[in-house]
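This is what each chain is made of:
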Amino acid sequence: MDTSLIAGVCRLFHTYVALGESWPMTKERAYFEAITLKEHGHLCPAHVPEVYHFDRAMSLIGMRYLEPPHIILRKGLIAGIEYPLLAEHISEYMARTLSSHHFFTVQPRSTKRAVAEFCGNVELCRLTEQVVFSDPYKVSQYNHWTSPYLDGDAEAVREDNTLKLEVAELKSMFCERAQALIHGDLHTGSVMVTHDSTQVIDPEFAFYGPMGYDVGAFVGNLILAFFAQDGHADPQNDRKAYKDWILRTIDETWNLFHKKFTALWDKHKDGSGEAYLPEIYNNPQLQLLVKQKYMKDLFHDTLGFGAAKMIRRIVGVAHVEDFESITDAGYRADCERRALDFAKMLLKERRKFQGIADVISAIQKVHT
């Protein structure tokens, strides 16, 4: 018998999300998670746990058990654990999964068929549209924050017209731009790690959407982890060295992703994709300009989506353990406020940033 089948785990999907029966969800999301795990696992087997069996009627996935010492990355970040291969691994996962479904590598006909199939994951997309791009900017029964400390901050988000204009653009992009089969919820709670292993899990929100949403979700959650560190410091460890490691990881994640993604682009430039036909983009200078513009736009998309994910984790429906585990409410609010102020600035001014080093410098300025 294959011993890998013994060391497995079954994931059974419930009808409701964490908010209970007031927010019913279709069990069909299990189907989209299963086929995304299989597809992403095919593209990047080193960083996606293998699926052994899927029972659609039972909404049950049998997959590889990620044995100890694997833990959820978010918990490792709270504990102050460094993962030296994290940026290398997650950039590999994002580059391979995002580039392989893009229309510069795949014929539009096959892409459109896949897009049509994943339109069936409409309930999870609708949930994202609501909790990320709508609820934080209006009065909603689901919103909450560290009250009363952040009451004024939450109100300021709801009254910021410039912020609303920018988030409307991101919401439109999320709904309309079918660039690649994205994970759809690539935060630090959807990654399990050891010092030499990185495994991406839980792609139940997967659909064909903007690539910057995946990259931004991961980067944005690392920024949240950075701003939470002061709340986890103690006399024995001020977390300064660990904050420096987080910033290096953010820098390396984007730069490695950029390098790997563009390398895969070059590798498939003569393939079946029809985005940039060689008969049109027929000289090296033009090809370079196209690539530079594309990556610049993707970088700004990444910053925008990352900022939107940060905002919703502070004044929206679902918060993060990075902050929630800080027991002193006043101190927690101070950490959250710095993160929120940075996210608002990043969302509104993202096009001013020319590279990830500029973002790192801006974080450091906010934190000093």
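The rules behind each value
Every chain is numbered on its own, with residues counted from 1 as its sequence reads. Restriction of local features to residues with pLDDT of at least 70 applies here, the model being predicted, together with a cutoff of 80 or more for giving and counting side-chain atom pairs; totals for whole chains, interfaces and linings are based on all residues. Excluding hydrogens and water, the side-chain values take into account all heavy atoms of the structure. UniProt positions are given in the numbering used here, feature names are shortened, and annotations may be inferred rather than shown by experiment. Two strands make a pair as long as DSSP finds a minimum of two bridges between them. Each helix is a run of H or I in the DSSP string that is no shorter than four residues. Each strand is a run of E no shorter than two, and both are numbered from the N terminus. Axes here refer to lines fitted to C-alpha atoms; in helices the fit is confined to the stretch in contact. Angles between the N-to-C directions go from 0 to 180 degrees. Orientation labels follow simple angle bins: below 35 degrees gives roughly parallel, above 145 gives roughly antiparallel, 65 to 115 gives roughly perpendicular, and whatever is left gives oblique. For a crossing to be left-handed, the near helix must be turned anticlockwise from the far one by less than a right angle; the clockwise case is right-handed. Only heavy atoms matter for contacts: two residues are in contact if any of them lie within 4.5 Å across the pair. Residues are grouped as follows: Ala, Val, Leu, Ile, Met, Phe, Trp, Tyr, Cys and Pro are nonpolar; Asp, Glu, Lys and Arg are charged; all remaining types, including Gly, are polar. The aromatic pairing rule takes the rings of Phe, Tyr and Trp, using the six-membered ring of Trp, and pairs them if the centres are within 6.5 Å, calling planes under 30 degrees apart stacked, those over 60 edge-to-face and the rest tilted. For the exposure calls, accessible area comes from a 1.4 Å probe over protein chains only, and a residue counts as buried if that area is under 20% of its type's maximum, exposed if over 50%, partly exposed in between. A ring is considered to have a charge above it if a Lys NZ or an Arg CZ atom is located within 6 Å of its centre and within 35 degrees of its normal.

- Going by an unreviewed UniProt entry, the chain carries the name S-methyl-5-thioribose kinase and comes from Actinidia rufa.
- Looking at the chain in UniProt, the text filed under Subunit (unreviewed entry) is "Homodimer."
- Looking at the chain in UniProt, the text filed under Sequence similarities (unreviewed entry) is "Belongs to the methylthioribose kinase family."

**Considerations on the pairing of strand S2 (residues 51-55)**
Point 1. The pairing of S2 with strand S3 (residues 60-64) spans four bridges and is classified as antiparallel. When the sheet's bridge partners are listed, Val-51 is paired in S3 with Met-63.

**Concerning the packing of helix H9 (residues 211-228) against helix H11 (residues 284-315)**
Point 1. Packing of H9 against H11 leaves a shortest axis separation of 7 Å and a crossing angle of 50°. Accordingly, the angle class assigned to the pair H9 and H11 is oblique. When you trace H9 past H11, the crossing you get is right-handed. Residues Met-211, Gly-212, Tyr-213, Val-215, Gly-216, Ala-217, Gly-220, Ile-223 and Leu-224 of H9 form the contact with H11, whose own contacting residues are Tyr-294, Leu-298, Asp-301, Thr-302, Phe-305, Gly-306, Lys-309, Met-310, Arg-313 and Ile-314.
Point 2. Partitioning the contact of H9 with H11 into residue classes produces eleven nonpolar, five polar and three charged.

**As for the packing of aromatic side chains**
Point 1. Within the structure shown, the criterion is met by 19 aromatic pairs.
Point 2. On the basis of an interplanar angle of 45° and a centroid distance of 6.3 Å, the ring pair of Phe-133 and Tyr-213 is categorised as tilted. A residue pair is termed long-range when its members are at least 10 positions apart, and Phe-133 in helix H6 (residues 122-133) and Tyr-213 in helix H9 qualify at 80 residues. The pair formed by Phe-133 and Tyr-213 is uniform in burial state, with each residue classed as buried.
Point 3. Three or more aromatic residues joined by ring pairs form one cluster here, namely Tyr-31, Phe-32, Phe-54, Phe-118 and Tyr-208.
Point 4. When the ring centre of Tyr-31 is taken as origin, the NZ or CZ atom of Arg-56, which lies over that ring, is 3.7 Å away.

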